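Letter by letter, the chains look like this.
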Number of protein chains: 2
Amino acid sequence: MVKVLVTGATGFIGNHIVAELLRRNVKVIATSRNIEKAKKFEWFSQVTYVPCTLPIDERTNYYEYFHRPSHIIHLAWEGLPNYLDVFHFERNLYHNYFFLKNLIINGLKDVSVIGTCLEYGLVNGCLSEQMPTNPHTAYGLAKDTLRRFLELMHKQYDFNFKWIRLFYTYGKGQSEKSLLAQLDKALENGERTFNMSGGEQIRDYLPVEKVAEYIVEISLQQAMQGIFNCCSGNPISIRKLVENYLTSKGKKIALNLGYFSYLTYEPFAFWGDNTKLKSVIKNDDYR
Amino acid sequence: MVKVLVTGATGFIGNHIVAELLRRNVKVIATSRNIEKAKKFEWFSQVTYVPCTLPIDERTNYYEYFHRPSHIIHLAWEGLPNYLDVFHFERNLYHNYFFLKNLIINGLKDVSVIGTCLEYGLVNGCLSEQMPTNPHTAYGLAKDTLRRFLELMHKQYDFNFKWIRLFYTYGKGQSEKSLLAQLDKALENGERTFNMSGGEQIRDYLPVEKVAEYIVEISLQQAMQGIFNCCSGNPISIRKLVENYLTSKGKKIALNLGYFSYLTYEPFAFWGDNTKLKSVIKNDDYR
């Protein structure tokens, strides 16, 4: 029976993943650090909730602890959004590696882990999964290294392994620091201008519901393994993204373009190649 | 004043590095786990010897502990030659990272660390430093990841950073399990045949004295940083290597070619691009 362990279930994307799985009548084991936070979600009564904090206790069999799940969708990752903090590779990488290793050696057979477009490093253009990675942020390096550790483990242990690289995500529950959350706040406060960067930089955005749907599709299919870009494949400037958002809401605000400088740790213009994703997602109403 | 800390000083290459530094009248701080072993080396009375075992005690300032060296040549690495053991990235990577980080944040300004051609992964042909790495052994992965961690640290801290990728080395003090040591043993025992692989595989070999000289040259120069292949640049078949060795010793033994199968975790035919090395080593009597 399909029984999916979702880590980071109370996070921005995790919440939508749990909802998506329940919509498909899939049994969910949800985990996060804080049960009190979890209780506030609509889905709480419909899942088996088991709290967990990293680092793990190495004496525990986490496969049994989580009621022998058939799949994991591993979203949990501490320390965000401080992408440059060495905590990501000095501590968190290992916490996550030993957590996943414990589950795998104790019997877990299908493993989907969330990666990031920051694994590619300072590369502009259309990024495809087979490109070499060259991360230049502590966060990107930690995720890329976790993937390499798991790929080596994959040669020794029998499990399906899917590594899902997220690009940019927006929607309900997003971080208050994110661009569109800041825009919402400015609109709510009735501000006349919105301070932002030049807005010319090119990114790849998906709504969070779509990200959740894609991750669940990738996780539940058996035909393909390896790395998957989870992206729209449609490059869009940040300025256009903001303008589209305002149009969809029927709102107006003056954009103070160039107020913030561009981030130096991100390429100026990059988006994802979604060819592999499209071969998994057969019926998509989005594109 | 130049004062070089050599880790793994009692190892195969470390011993020759210490000798090479002393030949150049460079002050040496030598370290290894076992002072009793160190005492047996000719150089023991000519160096400052300080024992050290990893993992480090995080409360100690190792820059002071090692008498404020100006340079490090970091050779120490446990667990060899079991290249496939996860110990390399599960433990040893971190032991080495935190050791070097402690020295750097406490004031060390010139850091040379030994890497490996196994960082490149299963790639045949001439390997140059700018090629993307894709290690497929636990040892190669650990070294490659240590390099990436240090490259990130290099963006934050002011030190010269040189990463020296070794290819194959032979000579006095080599592991008893290595090919030419086995050959020596067979000759000593007066055996008629020598069991070996097919011998057609192509590698890049240097004598250990030459490796020590190159590493010291790279470490002491200031003009260039980054990755250096430490190699001959001359591809040679294992069969030819053995034949040359027998000729140089004036010995004969029948080669039982094909007795052992080829290693699956190494590319069949690879060697190093030594262009960058040559630009550092101006006067070389070897090539």
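On a predicted model such as this, the values are computed, not experimentally measured, just so you know.

A.B. asks: Mind showing me how you'd approach the interface of chain A and chain B here?
C.D. replies: Put simply, an interface is often sized by how much accessible area is lost when its parts join up. Facing 23 residues of chain A, the contacting portion of chain B comprises 23 residues. Each partner contributes to the roughly 1900 Å² buried at the junction of chain A and chain B, and carbon and sulfur atoms together form 56% of this total. The largest contributions to the chain A side of the interface with chain B come from Glu90(A), Arg148(A) and Leu152(A), which together make up 29% of the buried area. At the surface where chain A touches chain B, the tally comes to 4 salt bridges.

A.B. asks: Where do I start with the domain arrangement of chain A in this structure?
C.D. replies: Residue and element names in this part refer to chain A. When cut into domains, chain A gives domain 1 (3-169 + 205-233 + 273-282) and domain 2 (175-203 + 235-257). Centre-to-centre separation of domain 1 and domain 2, based on C-alpha positions: 29 Å. At the junction of the two partners, domain 1 supplies 4 residues and domain 2 supplies 6 residues. For the pair domain 1 and domain 2, the two sides together bury roughly 480 Å², of which 69% comes from carbon and sulfur. Seen at the junction of domain 1 and domain 2, the total is 0 salt bridges. Connecting domain 1 to domain 2 are 0 residue pairs in polar contact (both at pLDDT 80 or more).

A.B. asks: Where do I start with the packing of aromatic side chains in this structure?
C.D. replies: Applying the stated criterion across every chain yields a total of 51 aromatic pairs over all chains. Aromatic pair Tyr170(A) and Tyr205(A): ring centres 6.1 Å apart, planes at 50 degrees, arrangement tilted. Within this pair, whereas Tyr170(A) is found in strand 8 (residues 168-170), its partner Tyr205(A) is found in strand 11 (residues 205-207), the two being separated by 35 residues in sequence. Summarising the aromatic geometry, the rings of Phe161(B) and Trp163(B) are spaced 6.4 Å apart at their centres and angled 65 degrees between planes, so their arrangement reads as edge-to-face. Among the residues examined, Phe161(B) registers a relative accessible area of 4% and is labelled buried. Within the aromatic cluster, the residues linked to one another by ring pairs are Phe89(A), Tyr94(A), Tyr97(A), Phe98(A), Phe149(A), Phe89(B), Tyr94(B), Tyr97(B), Phe98(B) and Phe149(B). Note that Lys276(A) overlies the ring of Phe228(A), its terminal NZ or CZ placed 4.3 Å from the centroid.

A.B. asks: Any chance you could explain the sheet that holds strand 2 (residues 27-31) of chain A here in plain terms?
C.D. replies: Paired through their backbone hydrogen bonds, the strands of a sheet run either parallel or antiparallel. All names here are of chain A. Pairing in this open sheet of 7 strands is parallel, and the strands run 3-2-1-4-5-7-12 from one edge to the other. Of all strands in the sheet, those with a lone pairing partner are strand 3 (48-49) and strand 12 (226-230), marking the two edges. In terms of strand pairing, strand 7 (residues 160-166) meets strand 12 through 5 bridges, oriented parallel. If you follow Arg 165 over to strand 12, its bridge partner there is Asn 229.

A.B. asks: Would you take a moment to explain helix 4 (residues 87-105) of chain B for this structure?
C.D. replies: Residue pairs three or four apart in sequence face the same way in an α-helix, which turns once every 3.6 residues. Residues and elements named next belong to chain B. Taking 1.5 Å per residue as the helical rise, helix 4 with its 19 residues ought to reach 27 Å, and the 26 Å between its terminal C-alpha atoms agrees with that figure. Taken as a whole, helix 4 carries its principal kink of about 30 degrees at Leu 93. Counting buried residues along helix 4, 16 of its 19 residues qualify, which places the element largely inside the surrounding structure. The first or second residue beyond helix 4 is Gly 107, which carries a positive phi of 135 degrees.

A.B. asks: Would you explain the relation of the copies chain A and chain B in this entry?
C.D. replies: Each of the two chain copies goes to the other by way of a rotation about an axis and a shift along it. The transform that puts chain A on chain B rotates by 180 degrees and translates by 0.0 Å along the axis, for an RMSD of 0.0 Å. What the rotation and shift describe, once combined, is the action of a two-fold rotation axis. Residue Pro132(A), judged by its C-alpha, is the member of chain A lying nearest the rotation axis, at 3.2 Å. Of all interface residues in chain A, 100% are interface residues in chain B too; the two copies therefore contact each other through one and the same surface.

A.B. asks: Which parts of the structure should I look at to understand unusual backbone geometry?
C.D. replies: Apart from glycine, the bulk of residues carry a negative phi angle, and the bulk of peptide bonds sit in the trans form. Put simply, Leu54(A) and Pro55(A) share a cis peptide bond, and its omega is 0 degrees. By the secondary structure assignment, Pro55(A) is in the loop between strand 3 and helix 3 (62-65). Here the residue pair Leu80(A) and Pro81(A) is connected by a cis peptide bond, since its omega of 0 degrees sits within 30 degrees of zero. Structurally, the position occupied by Pro81(A) is in the loop between strand 4 (71-74) and helix 4 (87-105). Of note in this structure, His67(B) is not a glycine but carries a positive phi near 65 degrees. Positionally, His67(B) belongs in the loop between helix 3 (62-65) and strand 4 (71-74).

A.B. asks: Mind showing me how you'd approach the packing of helix 6 (residues 179-188) of chain A against helix 8 (residues 238-249) of chain A here?
C.D. replies: Angle between the axes and distance between the axes: these two values describe a pair of packed helices. Residue and element names in this part refer to chain A. It is the contact of helix 6 with helix 8, at a shortest axis distance of 11 Å, that shows an interaxial angle of 45 degrees. One way to sum up the angle between helix 6 and helix 8 is to call them oblique. For the pair helix 6 and helix 8, the sense of crossing is right-handed. Of the residues in helix 8, those in contact with Leu 179, Leu 180, Leu 183, Asp 184 and Leu 187 of helix 6 are Ile 238, Leu 241, Val 242, Tyr 245, Leu 246 and Lys 249.

A.B. asks: Help me understand the pairing of strand 4 of chain A, please; the structure alone is not making it clear to me.
C.D. replies: Sheet faces and side chains relate simply in a regular strand, where the side chains alternate between the two faces. Residue and element names in this part refer to chain A. On strand 4, burial covers both faces: His 71 and Ile 73 on one face and Ile 72 and His 74 on the other are all buried. Across 3 bridges, the pairing between strand 4 and strand 5 (residues 110-116) is parallel. Looking at the pairing, Ile 72 lines up with Val 111 of strand 5.

A.B. asks: Could you clarify how one ought to interpret the sheet that holds strand 2 (residues 27-31) of chain B in this entry?
C.D. replies: Residue and element names in this part refer to chain B. The 7 strands are arranged 3-2-1-4-5-7-12 in an open sheet whose pairing can be described as parallel. At either end of the open sheet lies a strand with only one pairing partner, and these are strand 3 (48-49) and strand 12 (226-230). One ladder, built from 5 bridges, connects strand 1 (residues 3-7) with strand 2; its direction is parallel. Across the sheet, Thr 7 pairs through a bridge with Thr 31, a residue of strand 2.

A.B. asks: Is there a simple way to explain the environment of Ile105(A) in this structure?
C.D. replies: Structurally, the position occupied by Ile105(A) is in helix 4. Taking C-alpha positions, Ile105(A) is 35 Å from Ser232(A), a pair spaced 127 residues apart along the chain.

A.B. asks: What am I meant to see in the side chain of Thr145(A) here?
C.D. replies: Along the chain, Thr145(A) falls in helix 5 (residues 138-156). A polar atom in the side chain of Thr145(A) sits 2.6 Å from the backbone oxygen of Leu141(A). Look past the residues within four positions of Thr145(A) in its chain and what remains in contact with it is Leu93(A), Thr145(B) and Phe149(B).

Each value, and the rule that gives it
Residues numbered from 1 in each chain as written. Chains lettered and ligands numbered in written order. Predicted model: local features only at pLDDT ≥ 70, side-chain atom pairs only at ≥ 80, totals over all residues. Heavy atoms only, no water. Contact = heavy atoms within 4.5 Å. Buried area = accessible area lost by both parts, 1.4 Å probe. Salt bridge = Lys/Arg side-chain N within 4 Å of Asp/Glu carboxyl O. Domains from an automatic or database assignment. Polar contact = N/O pair within 3.5 Å; in protein donor to acceptor, adjacent residues only side chain to side chain. Phe/Tyr/Trp six-rings, centres within 6.5 Å; stacked < 30°, edge-to-face > 60°. Helix = DSSP H or I, 4+ residues; strand = E, 2+ residues; numbered from the N terminus. Buried < 20%, exposed > 50% of the residue type's maximum accessible area, 1.4 Å probe, protein only. Lys NZ or Arg CZ within 6 Å of the ring centre and 35° of its normal. Pairing = 2+ DSSP bridges. Expected span 1.5 Å × (residues − 1). Bend = angle between axes of the 7 residues up to and from the residue. Least-squares fit on C-alpha atoms with pLDDT ≥ 70 in both. Axes fitted to C-alpha atoms, helices over the stretch in contact; angles between N-to-C directions. Parallel < 35°, antiparallel > 145°, perpendicular 65-115°, else oblique. Left-handed = near helix turned anticlockwise from the far one by under 90°.

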